[in-house]
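Descriptive analysis of the structure
The residues making up each chain are set out below.
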Amino acid sequence: MTSIRKQRSKNPKPPPPQIAANYKLRLFITGTTPRSTRSVLNIRSICQQFLLGRYDLEIVDIYQQPSLAREHQIIAAPTLIKEFTLPLRTLVGDFSDRERVLSGLGLIYSTV
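For the structure given in this document, a descriptive report is provided here. (Residues numbered from 1 in each chain as written. Predicted model: local features only at pLDDT ≥ 70, side-chain atom pairs only at ≥ 80, totals over all residues. Heavy atoms only, no water.)

In this structure the tally under the stated criterion is 5 salt bridges. Measuring nitrogen to oxygen at the nearest pair gives 3.5 Å for the salt bridge that ties Lys24 to Glu83. Of this pair, Lys24 sits in strand 1 (residues 23–29) while Glu83 is found in strand 3 (residues 79–84), placing the two residues 59 residues apart along the sequence. A salt bridge links Asp94 to Arg38, with the nearest nitrogen and oxygen atoms 2.9 Å apart. (Salt bridge = Lys/Arg side-chain N within 4 Å of Asp/Glu carboxyl O. Helix = DSSP H or I, 4+ residues; strand = E, 2+ residues; numbered from the N terminus.)

Structure representation (structure tokens):
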């Protein structure tokens, strides 16, 4: 009798894009300040590297849309809200600490 065993890969492949969850992100910024510009660049870079084809990023300037900032109770900017996939998460800062951002988005698990 022959036994067939599946061998586990040391580097598991991520799920195909059609199965993987799509992320809905909303980034609140304050105009074209250096901090706002840096936060947009950092988030776009992270999304392109880790969520390619699986994310929707909306950038909201709270100077132009203050009602959205009130609706989402934004008290600091830049603020990133991960609306989907659940759980809802809110991150504040310029997002230069990639490990912290990836952990906050639920893309890696860290003790940060």
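Reading across from one edge, 2-1-3-4 is the order of the 4 strands in this open sheet, with mixed pairing throughout. Each end of this open sheet is capped by a strand with a single partner; those strands are strand 2 (55–61) and strand 4 (89–92). Across the sheet, the mean angle separating the axes of adjacent strands is 20° when strand polarity is ignored. Where strand 1 meets strand 2, 7 bridges bridge the pair, whose relative direction is parallel. Paired with Arg26 across the bridge in strand 2 is Glu58. (Pairing = 2+ DSSP bridges. Axes fitted to C-alpha atoms, helices over the stretch in contact; angles between N-to-C directions.)

This part is about helix 1 (residues 34–50). The terminal C-alpha atoms of helix 1, which comprises 17 residues, lie 24 Å apart, in line with the 24 Å expected from a rise of 1.5 Å per residue. All of the buried residues in helix 1 are Ser36, Ser39, Val40, Asn42, Ile43, Ile46 and Cys47. Buried residues along helix 1 sit against strand 1, strand 2, strand 3 and helix 3 (98–104). (Expected span 1.5 Å × (residues − 1). Buried < 20%, exposed > 50% of the residue type's maximum accessible area, 1.4 Å probe, protein only. Contact = heavy atoms within 4.5 Å.)

It is worth spelling out unusual backbone geometry at this point. Residue Ala77 is joined to Pro78 through a cis peptide bond whose omega torsion reads 0°. Examined against the element boundaries, Pro78 turns out to sit in the loop between helix 2 (66–71) and strand 3. Backbone torsion omega between Phe84 and Thr85 reads 10°, so that peptide bond is classified as cis. Backbone geometry places Gln73, a non-glycine residue, at a positive phi of 55°. For Gln73, the location among the structural elements is in the loop between helix 2 and strand 3.

This part is about the environment of Ser96. By the element assignment, Ser96 lies in the loop between strand 4 and helix 3. In terms of polar contacts, Ser96 uses its side chain to reach the side chain of Asp94, at 2.9 Å. (Polar contact = N/O pair within 3.5 Å; in protein donor to acceptor, adjacent residues only side chain to side chain.)

Attention now moves to the environment of Gly93. Its location among the elements puts Gly93 in the loop between strand 4 and helix 3. With 54 residues separating them along the chain, Gly93 and Ser39 place their C-alpha atoms 7.4 Å apart. Setting aside its immediate chain neighbours within four residues, Gly93 contacts Arg35, Ser39 and Pro78.

Turning our attention to the nonpolar core. One finds Leu25, Leu27, Ile43, Leu80, Phe95 and Val101 to be the most contacted residues of the largest nonpolar core, which totals 16 residues. Residue assignment for this core shows that the elements contributing at least two residues are strand 1, helix 1 and helix 3. In this structure Phe95 touches Leu27, Ser39, Asn42, Ile43, Ile46, Pro78, Thr79, Leu80 and Val101, once residues within four positions along its chain are discounted. Formed by 7 residues, the second largest nonpolar core is a distinct cluster that contains Val60, Ile62, Ile74 and Ile81. (Core = buried A, V, L, I, M, F, W, Y, C linked by side-chain atoms within 4.5 Å.)

In short, shape yes, function no, at least from these values alone.
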